[in-house]
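# Observations on chain architecture
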Amino acid sequence: MSVTENNVSEALREGAVIPAASRAERFTSYDVEAFEVPGGREENWRFTPMKRLRGLHDGSATATGEITVDVEAAPELKIETVGRDDARLGEAGVPSDRIAAQAYSSFKQATVVTVPKETKASKPSVLRIHGPGEGQVAYGHLQVRAEAFAEAVVVLDHVGSGTYADNVEFVIGDGAKVTVVSVQDWADDAVHVSEQHLKLGRDAALRHTVITLGGDLVRVSPTATFADKGGDVEMLGVYFADKGQHQEHRLFVDHAVPNCKSRVMYKGALQGDEAHTVWIGDVLIRAAAEATDTYELNRNLVLTPGARADSVPNLEIETGEIEGAGHASATGRFDDEQLFYLQSRGIAEEAARRLVVRGFFHEILVKIDVPEVRERLEAAIEAELEAVGA
C-alpha cells in the first residue's frame, strides 16, 4: 500500500512512525553525528527500551573501561592487535545506526583473526571477550578474515559485566568455508549492543550462529552481503530470555548479486514477567540478484504468562527471476496435543514439557558442530527449565 505526501504529513504531525520505503535505502556512515539521536519511535528502535541502553545511543556513555580478549586459537591462524588506522578495518560493512557508529569511532584497538589462504584450521578457535566490569563502559572492534579457500571454526564467547558496544566483521574470501558461533552469556547486569557485518566472496560459505542467554539487554544486528556470485550464508540463532531480560536480534540479508543463497532460522524461548524477545528478519533481493534462493524462519515458545515475543519477517523482491523466496514466523505456548501424546505414553507432565522444549530447539542444536558449545547450550537450556519448573 502506497502512502501519499498528505498521509505522511498527517502521520508525522500525529507522531507516528514512518518506516523506510525500502531496505535498499538504509543509511550507513562511520560518522556518529550523521545519525540523529534516536528517541525510540523510529522503526529501527521502536522495540528497544531506550532508557536501558545506558546512554550508548545519545553520546553520554563515554568509555570508562576496556574489554579483554583471551584467545585459544588453532596454530594455523594469525592473531593481531591493531590500531584504528589499519586499512583492513571496515571492509565488511559500514555502521547502520548511531550506536554502531559510536562504537566504530570510540574503540582504541581491534583484534584481527586471519585464516591464511588454502589453510584448514586443525581445531576450533575461541575468542573470549570479557566485559569491562560492572558500572563500566567499553567499545570494541573485532574482525575475522578467511582468505581464499580457507576453512575454520571460530567461537566468540562474550562473558562478564558492564556496558559494551562493538562492531564485528567477517570477511569470507572466495571459496572459503567458515563456521562462526557468537555466544552472549553475559552476567545479569550487562548491556551489549553489537552490529555484525558478514561479507562473502565468490562461492564462499558461512554458517553464522548467534546464541543469546545472559545479560540485562542484548541487541545483536547481523548484516549479510555478497561480494560476488555463488555465496551461501546460513544464519542460525538460539535465545532464551528470563524475567526482565530484553533480547533483540535484527537481521538483514542483502542479495545484490546473482546466484547466491541464504537460509535464516532463529528459535527462542521466554519465561518470567517482562521477559521480552525481538526478532526482525529483513531480506532484500535487488534487481540484479537473479537466481537468488532465500528463506527465513522464526519460532518463539512462550513458557509462562507475562513474557512477550515480537517477530517481524520482511521480504522485499525487486526481480522475478529468482529460484525461491519465503519466510515464516510463529509464536505460541506449549502444544497441548504433544503434551497429551507424551502423557498418554506414561510420561509425567513435567518431563513431557521438558521433552517438548528440547525438541523445539533440537533442529538448531544439531547444526552447532562445536561439541563444547552445543553441550554448554544444552546445559543452559536445562538450567532454565529447572528454574521455570517446566
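Everything in this summary refers to the structure shown in the same document. (Residues numbered from 1 in each chain as written. Predicted model: local features only at pLDDT ≥ 70, side-chain atom pairs only at ≥ 80, totals over all residues. Heavy atoms only, no water.)

## Describing the sheet that holds strand 7 (residues 163-172)
Put simply, the rule is: Pairing between strands requires that DSSP locate at least two bridges from one strand to the other. Going along the chain from the N terminus, every DSSP run of H or I of four or more residues is numbered as a helix, and every run of E of two or more is numbered as a strand. Only the stretch in contact is used when fitting a helix axis, every axis being a line fitted to C-alpha atoms; angles between N-to-C directions are given from 0 to 180 degrees.
A sheet is described by the order of its strands in space; here 9 strands give the open sequence 2-3-5-7-9-11-13-15-17, paired in mixed fashion. In the strand order of this sheet, the two ends are held by strand 2 (78-83) and strand 17 (308-317), each with one partner. Within the sheet, the average angular offset between the axes of one strand and its neighbour, ignoring direction, is 10°. The pairing of strand 15 (residues 276-285) with strand 17 spans 10 bridges and is classified as parallel.

## Here we look at unusual backbone geometry
Even without glycine at this site, Arg54 takes up a positive phi of about 55°. Secondary-structure assignment places Arg54 in the loop between helix 1 (5-13) and strand 1 (68-72).

## Here's the deal with the side chain of His255
Going by this rule: Identification of polar contacts relies on pairs of N or O atoms within 3.5 Å, with a donor-acceptor requirement for protein atoms, meaning one able to donate a hydrogen and the other able to accept it, and with residues adjacent in sequence counted only if both atoms are side-chain atoms. Whether two residues touch is decided by their heavy atoms; if any such pair falls within 4.5 Å, the residues are in contact.
Considering the arrangement of structural elements, one finds His255 in strand 13 (residues 246-255). Separated by 2.8 Å, the side chains of His255 and Ser262 make a polar contact. With sequence-adjacent residues up to four places away left out, His255 is seen in contact with Phe226, Cys260, Lys261, Ser262, Val283, Leu284, Ile285, Arg286, Ala289, Thr292 and Thr294.

## Examining the sheet that holds strand 8 (residues 177-184)
Taken in spatial order, the 9 strands of this open sheet run 1-4-6-8-10-12-14-16-18, and their pairing is mixed. The two strands at the open ends of the sheet, each matched to only one other strand, are strand 1 and strand 18 (324-332). Ignoring which end each strand starts from, the neighbouring axes of this sheet average 10° apart. In terms of strand pairing, strand 14 (residues 261-270) meets strand 16 (residues 293-302) through 10 bridges, oriented parallel. In the sheet register, Gly268 faces strand 16, and the bridge partner there is Asn300. Strands strand 12 (232-241), strand 14 and strand 16 of the sheet are contacted by helix 4 (residues 349-365), whose axis makes an angle of about 155° with strand 14.

## Comments concerning the pairing of strand 8
Spelled out, the test is: For every residue, the accessible area (1.4 Å probe, protein chains only) is compared with the maximum for its type, and the residue is labelled buried under 20%, exposed over 50%, or partly exposed between those bounds.
In terms of residue burial, strand 8 counts as a mostly covered element, since 7 of its 8 residues are buried. Pairing analysis gives 8 bridges linking strand 6 (residues 151-159) to strand 8, with the strands arranged parallel. Within the sheet, the bridge partner assigned to Glu151 lies in strand 8 and is Lys177. In this structure, strand 8 lies alongside strand 10 (residues 205-212), joined through 8 bridges in parallel fashion. Bridging from a neighbouring strand, Lys177 pairs with Ala205 of strand 10.

## Some thoughts on the environment of Gly230
Assignment of secondary structure puts Gly230 in the loop between strand 11 (217-226) and strand 12. Separated by 29 residues in the primary sequence, Gly230 and Asn259 place their C-alpha atoms 5.3 Å from one another. Filtering out sequence-adjacent residues up to four positions away, Gly230 remains in contact with Asp203, Ala204, Pro258, Asn259 and Cys260.

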